[in-house]
Amino acid sequence: MIGPNGAGKTTLFSIIAGSLAPTSGAVAFRGRDVTGVKPFEAVRAGIARTHQIVRPFKSMTVLENVEVGVRFGRNKVRGSAAVRQEAEKALELVGIAHAANTSAANLCVGDQKRLELARTLAAQPELLLCDEVCSGLTENEMLSVLELLCRIRQLGTTIVFIEHNLKAILSICDRILVLNFGQKLAEGPPGEIQNDPSVIEAYIGKTVVAEMERER
Amino acid sequence: MKLPADRAGRRRRGIFRAAAPLLLLGALIALPFAGLGPNGTRLLFVTYVWIATSVGWNLLGGFAGQASFGFAVFYGLGAYIAALSINGGINPYLAFPLAGAGAAAASLLIGLPTFRLRGPYFAIATIGVSEAVRVVMTNLEFTGGASGYRITEARPFHQLEHYATALVLAATAVGVSIVIRRSKFGLGLIAIREDEDAAASTGVNPFAYKLWAHAAAAALTGAAGGVFARYAAFIYPPGVFAFQTSVGILLMPIIGGIGTIWGPVVGAAVYGVVQEELIARFPQLHLLLYGIFLILVILFEPGGIVGLVRRSLQRIERARRHGGPNSASPPPEQVLRRAGSAEGRQL
C-alpha cells in the first residue's frame, strides 16, 4: 500500500486490525464481518499488525516478548517448554535467535523491527499488516527485511505492507494499492500502477519516472 | 569459560531461592513460641495484614501497571463485610473469604467504568470512588455510621489465633503473586504494563485482564481488612476507609520494589514497623518519613529496596569475578543488563 503522507494508510491498517472503529463502511475477512472488532479479537480472527514505531515490551527479554505472541495468538501450544520452543522458532525465522535472552530495550532499531515481526508472527496470523517495516533501516538491513517478508509469504501468510521505497515495492509486491486523501486512487499489479498517470501525478512524481526510465 | 561451575552456582542459588521463603515462614511460625511477647506478636500481625494488601495492590499496580489510589475501599468493605458476618453468627473463617469475595465484586463494579481511563486519569477516578464510598459509609445507618461498628464474638480472644490467620493470609497472598507472575495471566499483565496497545495487537484483552487483576487484588485486600477488623473488634469509616490507608497500600510496594514478588513484602515490613514504632510517640512523623522514602526511591532507586539489594549484589559479584574494584570497567554485556531492566523486574 502506497500513498503520500497523510493519505490514511496507517488509519486503514488500524481499522482493519481493530485499533480504530470505522465511521462508515465494513471490514470483511474470509467471509466474516470483522468491522469494529477489538484488536485482540482481530488477532484471533487471523489479522495481526506491526507498528510503524516499534513497540517492544521493554522490561521483558526478547524471548518473552515473542512468548506473548505465542500464548495470546492463534497458536494452540500449551506448556512453558512448548511455548518457548515456538517463540525460539519465530526468533530464528527473523534472524535474532542469538539475542533471545537480552533485554528487548537493548536491541538496535533493525533488530527491534525484527522482534516486532517475530512477536506478531508468533500469533500465527493469516493476514500480516506491516506498517513501514523498512523505515529507519540502512540499505542492507532493508534488503534483508524484504527477503524476510518474501520468506514469510512463502510460508503461507498474506502480507499487506506500507512502504515508501518504490524499488522495494515494485520488486516484491503482487498487487499495489494507492491511497490518496483517504480515497483509493488505483489498484493493480506493479507494472500497471507504475504507468498510471494519476498515480504519477499524486505520488511518484514525473522526475522519478523519468529517472527510472533512464536507468532501464 | 568456567561453565560447569557457573551452572552449579546457579542451581545452588535456585535451591536457596526456593528454600529461603519456606525457612522464613517456618521461623515466623515458631517466633511466638520462642518468647515473642504480645507486643511483638501484634506488630507482626499488623505487618502480615499489610503484606497481604501490599502484595494485592502490586498485582494490579506492579504487574499490570495500573496505579490505583483507591484500595482503602476494598480494605474497608472487607472489614465491614467480615464484621457484619461475624456478628451475624457466621464462622470467622468463612467471613474472611466472604470479605474477599465482596471486595472482588465491588472491584468489578468500580473497574468497569474506571478502566476506560488510563494512567493518571485512572488514578484520579479511583480517588473519587474511594472518597465517595467513605462518605456513604460514614452516613450509613445500619453500620453505625461515623460512630463505628463493634464486633462481638462468643469465643474468647486468642492472640495467637489471629497471628496464625494473618500469617496464612500473607503467605497465601505471596503464593498467589508467585503463581500469577509465572502464568499466562501474569505475562499478559506485564505486556499491558509495558504497552497496552501493543499488548492488544498481540492478542491480549487488556480490559478483561485488568478487571481480573483488580478483582484478585481486591480479594486479598478485602480479606486483609476482614482479618484486621476481627482483631481490632471495632472499626469506623474514617479509619478503614481513610485516604491515608489507600496511600499506605500503594506506598508499601513502591518502597519495597514495585512489580517484584518480594518488594511489596519488604515494603510492608518497613511500613508496619515504622508506623508501629513511631505512631505512639510522634503521631504524624511516620507520614513525613514515607514522604522522604518515596522521594528517595523515585530519585535514586526506582526498583525500591529490592532493586537496591539486587544492584548491590550484582556489584559485589562483579567485583569478585574481576579481581576487585581496581580492575577495569565491567564488561559491556553487564552494563547493558543493568541499563535494561529485563532482569530487574523479574523477581
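As the structure is a computational prediction, the values presented were derived from the model and not from experiment. (Residues numbered from 1 in each chain as written. Chains lettered and ligands numbered in written order. Predicted model: local features only at pLDDT ≥ 70, side-chain atom pairs only at ≥ 80, totals over all residues.)

### A short note on the overall build of chain A
Selection criterion: The helix count covers DSSP runs of H or I at least four residues long, the strand count covers runs of E at least two residues long, and both are numbered beginning at the N terminus. Each radius of gyration reported is based on C-alpha atoms, and the globular scaling rule is 2.2 Å times the count of residues to the power 0.38. In this scheme every C-beta is placed from the backbone, and a residue whose C-beta has 20 or more other C-beta atoms within 10 Å is buried, one with 12 or fewer is exposed, and one in between is partly exposed. It is the C-beta atoms, placed from the backbone, that decide contacts: two residues are in contact if theirs lie within 7 Å.
Looking only at helices and strands, one finds 10 helices and 7 strands in chain A. By the compact-globule yardstick of 17 Å for 216 residues, chain A fits well, its C-alpha radius of gyration being 18 Å. Projected onto its principal axes, the C-alpha coordinates of chain A cover approximately 55 × 40 × 30 Å. Each of the 216 residues in chain A was classed as buried or not, and the buried ones make up 41%. Nonlocal contacts in chain A, meaning residues at least 24 apart in sequence, comprise 61% of its contacts between residues at least 6 apart.

### A closer look at the overall build of chain B
Looking only at helices and strands, chain B has 15 helices and 2 strands in total. Its C-alpha radius of gyration of 21 Å places chain B within 12% of the 20 Å reference for a compact globule of 347 residues. Out of the 347 residues in chain B, the part that is buried amounts to 44%. Considering only contacts in chain B between residues 6 or more positions apart, those separated by 24 or more positions represent 78%.

### What about the domain arrangement of chain B?
Residues and elements named next belong to chain B. Just so we agree on the cut-off: Segmentation into domains, and thus their bounds, comes from an automatic or database assignment. Gly counts as polar in this scheme, as do all residues outside two lists: the nonpolar Ala, Val, Leu, Ile, Met, Phe, Trp, Tyr, Cys and Pro, and the charged Asp, Glu, Lys and Arg.
Taken as a whole, chain B is organised into domain 1 (37-300) and domain 2 (303-347). Centre-to-centre separation of domain 1 and domain 2, based on C-alpha positions: 33 Å. Listed by partner, the interface residues are 13 residues for domain 1 and 7 residues for domain 2. Contributing elements (two or more residues each) for the side of domain 1 that touches domain 2: helix H11 (243-256) and helix H12 (263-279). Among the residues forming the side of domain 1 that touches domain 2, the class breakdown is 7 nonpolar, 6 polar and no charged.

### Concerning helix H2 (residues 38-63) of chain B
All names here are of chain B. How we decide: By this rule, a helix spans an expected 1.5 Å times one less than how many residues it contains. One axis is fitted to the seven residues ending at the residue and one to the seven starting there. The bend at that residue is the angle between these axes.
Taking 1.5 Å per residue, 26 residues should reach 38 Å; H2 reaches 36 Å between its end C-alpha atoms and fits that length. By the largest-angle criterion, Trp57 marks the main kink of H2, which is about 35°. In terms of burial, H2 is largely enclosed, as 20 of its 26 residues are buried. Count one or two residues on from H2 and you reach Gly65, which has phi positive near 70°.

### Quick word on the interface of chain A and chain B
Each partner contributes to the interface: chain A provides 26 residues, whereas chain B provides 21 residues. Elements represented by at least two residues in the side of chain A that touches chain B include exactly helix H2 (39-45), strand S3 (47-49) and helix H3 (62-72) of chain A. The greatest single-element share of the side of chain A that touches chain B, amounting to 5 residues, is contributed by H3(A). In terms of residue class, the side of chain A that touches chain B is made up of 11 nonpolar, 8 polar and 7 charged.

### Brief notes about the sheet that holds strand S4 (residues 127-131) of chain A
Residues and elements named next belong to chain A. What counts, and what does not: When DSSP finds two or more bridges between two strands, those strands count as paired. Interaxial angle, 0 to 180 degrees, is taken between N-to-C directions of lines fitted to C-alpha atoms, where a helix line uses only the stretch in contact.
Pairing is parallel in the open sheet, where 3 strands are placed in the order S3-S4-S5. The sheet is open, and its two edges are formed by S3 and strand S5 (158-162), each paired on a single side. For this sheet, the mean inter-axis angle between neighbouring strands, taken without regard to orientation, is 15°. Examined bridge by bridge, S3 and S4 share 3 bridges and lie parallel to one another. Directly across from Ala48, in S4, lies its bridge partner Leu128. Seen against the sheet, helix H1 (residues 9-17) touches S3, S4 and S5 and runs at an angle of roughly 150° to S4.

### Looking at the nonpolar core
What counts here: We call a set of buried Ala, Val, Leu, Ile, Met, Phe, Trp, Tyr and Cys residues a nonpolar core when their C-beta atoms link them within 7 Å.
Of all hydrophobic cores here, the largest spans 145 residues; its most connected members are A:Ala118, B:Tyr48, B:Val49, B:Ala52 and B:Ala213. For this core, the leading source of residues is helix H9 (residues 206-232) of chain B, giving 14 residues. In this structure B:Tyr48 touches B:Ala166, B:Leu167, B:Leu169 and B:Ala170, once residues within four positions along its chain are discounted.

### Let's talk about the packing of H11(B) against helix H13 (residues 285-300) of chain B
Residues and elements named next belong to chain B. Counted only if it meets this: Orientation is classified from the angle alone, with under 35 degrees giving roughly parallel, over 145 giving roughly antiparallel, 65 to 115 giving roughly perpendicular, and any other angle giving oblique. Definitions for this section: a left-handed crossing has its near helix turned counterclockwise from the far helix by less than a right angle. A right-handed crossing has that turn clockwise.
The contact between H11 and H13 brings their axes to 10 Å, and the two run at 45°. Judged by the inter-axis angle, H11 sits oblique to H13. Remark: the crossing between H11 and H13 carries left-handed chirality. Facing H11, whose interface residues are Leu251, Ile254 and Ile255, H13 presents Tyr290, Phe293, Leu294 and Val297.

### Remarks on the confidence of the model for chain A
Note the threshold: Note on scores: pLDDT gives the predictor's confidence for each residue, bounded by 0 and 100.
Averaged over all residues, the pLDDT of chain A equals 89, while 100% of them reach at least 70. Confidence, expressed as mean pLDDT per element, reaches its minimum in chain A at helix H10 (residues 206-215) of chain A with 73 and its maximum at H3(A) with 95.

### Some words on the packing of helix H3 (residues 72-87) of chain B against helix H5 (residues 119-139) of chain B
All names here are of chain B. Where H3 contacts H5, the two axes come as close as 9 Å, and the packing angle between them is 30°. Judged on the interaxial angle alone, H5 and H3 are roughly parallel. Facing H3, whose interface residues are Ala72, Val73 and Gly76, H5 presents Val129, Ser130, Val133 and Met137. Class assignment for the residues of the contact of H3 with H5 results in 5 nonpolar, 2 polar and no charged.

### Let's talk about the pairing of strand S6 (residues 176-180) of chain A
Residues and elements named next belong to chain A. In this structure, S6 lies alongside strand S7 (residues 183-188), joined through 5 bridges in antiparallel fashion. Within S7, the residue paired with Ile176 across the bridge is Gly188. Taking the residues that link successive antiparallel strands as the turn, the S6-S7 hairpin has 2 residues, and the phi of Phe181 there is positive, at about 50°.

### Some details on unusual backbone geometry
Residue and element names in this part refer to chain A. Of note in the backbone geometry, Glu132 takes a positive phi value of approximately 45° without being a glycine. Relative to the elements of secondary structure, Glu132 occurs in the loop between S4 and helix H6 (139-154). Here the phi dihedral of Phe181 falls at roughly 50°; this positive angle occurs in a residue that is not glycine. Tracing the backbone shows Phe181 in the loop between S6 and S7.

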